[in-house]
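Residues per chain, in single letters:
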Amino acid sequence: MCWDEGVINPAEVLDLFDLQMRQGIQPDGPEARVEHVGAVVRHIDPFGGWNGVVWSDLDRDTADTAIAEQLRHFSDLGCELEWKLYAHDRPEDLAERLLAAGFVPEPEEALMVVAISDLPTGAALPEGVRLLPVTDPDGVDLMIEVHERAFASDSARLRNRLLAQVDQGPETFSMVVAMAGDEPVCAARMEMHPGTDFAGLWGGGTVPDWRGRGLYRALVAHRARIAAERGFRYLQVDASDGSRPILQRLGFTRLSSTTPYLHGPEAADPR
């Protein structure tokens with residue numbers, strides 16, 4: 001694998017990410033649970049949350065059996081399944097095996113990480129724009145408006161997920177909307193994982209008319225300050241092709257890539 005240049009040690013941080021954020025994943029909702037079954041770690045939330053395989057340690061002799069077992073298990077639960085495959089997962093032909101089992105791949109994203117201490121500490125907002133912390137359903141609706149305009153996608157499942165996070169309290173997440181007057185023009189979220197070194201950046205999106213004005217960069221800096229105050233060492237992003245160049249300029253390093261492999265309708269993680 002070819003690593004991007006960066007100030008962190010990519011191999012060491014990737015090992016830490018696999019250990020803390022994949023093998024050690026915690027349930028992300030009150031009804032969710034994590035199960036360690038042989039060489040597979042899966043997340044289950046049959047009440048509208050995310051269901052999938054987040055980590056595996058397989059080889060050519062065990063992969064097909066493990067895939068079939070996960071398909072049976074989630075089918076019995078009546079849940080769609082996402083197998084979150086990383087480029088460094090084994091065996092090397094795991095992607096082909098998932099395809100043969102009926103999984104459908106979503107677009108590949110880059111797993112990118114930066115040490116918070118290496119990030120720029122500030123980024124100016126455009127004149128007339130203010131940041132609004134999201135703490136109630138009205139704020140969630142503003143975030144969803146941005147998401148649908150920025151990504152041209154339906155956000156009903158995402159809205160339900162964000163409303164549940166608001167009800168749980170702000171200890172493990174932070175959400176913010178950039179407002180130009182009464183218009184929401186950019187929004188972003190951060191999930192913080194107690195007991196780990198990582199805070200995850202999700203959903204950063206800007207409506208088309210406001211792109212190229214530094215809003216994405218400003219919201220990264222805003223979330224980095226919060227993560228630093230909470231004692232986290234790294235920010236992690238599953239970066240699309242559109243956000244990757246911005247993140248590289250900010251100092252993020254590509255550690256690997258990740259591709260969701262979906263089985264069943266609407267199986268994607270609504271992030």
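It should be noted that the structure appears before, not after, this text.
Residues numbered from 1 in each chain as written. Predicted model: local features only at pLDDT ≥ 70, side-chain atom pairs only at ≥ 80, totals over all residues. Heavy atoms only, no water.

Asks: Which residues make up the pattern of salt bridges, and what values go with them?
Replies: Throughout the structure, instances matching the rule amount to 16 salt bridges. Across the salt bridge formed by Asp-18 and Arg-22, the nearest N and O atoms sit 3.2 Å from each other. Note that Asp-18 and Arg-22 are positioned in helix H1 (residues 10-23) at a spacing of four residues, about one turn of the helix. Of the two residues, Asp-18 and Arg-22, neither departs from the other in class, the shared state being buried. Here Asp-64 makes a salt bridge to Arg-97, at a shortest N to O gap of 3.0 Å. One end of the pair, Asp-64, is in helix H2 (residues 63-77); the other, Arg-97, is in helix H3 (residues 94-100), with 33 residues separating them in the sequence. Overlapping salt bridges, with partners in common, bring together Arg-60, Asp-64, Asp-93 and Arg-97 in one network. (Salt bridge = Lys/Arg side-chain N within 4 Å of Asp/Glu carboxyl O. Helix = DSSP H or I, 4+ residues; strand = E, 2+ residues; numbered from the N terminus. Buried < 20%, exposed > 50% of the residue type's maximum accessible area, 1.4 Å probe, protein only.)

Asks: Outline the environment of Ile-116, supporting the account with residue identities and numerical values.
Replies: Looking at the element boundaries, Ile-116 is found in the loop between strand S6 (109-115) and strand S7 (129-133). A relative accessible area of 9% places Ile-116 in the buried class. Placed 23 residues apart in sequence, Ile-116 and Gly-139 show a C-alpha to C-alpha distance of 27 Å. Filtering out sequence-adjacent residues up to four positions away, Ile-116 remains in contact with Ala-224, Ala-227, Ala-228, Phe-232, Arg-233, Tyr-234 and Leu-235. (Contact = heavy atoms within 4.5 Å.)

That is the geometry; function is a separate question.
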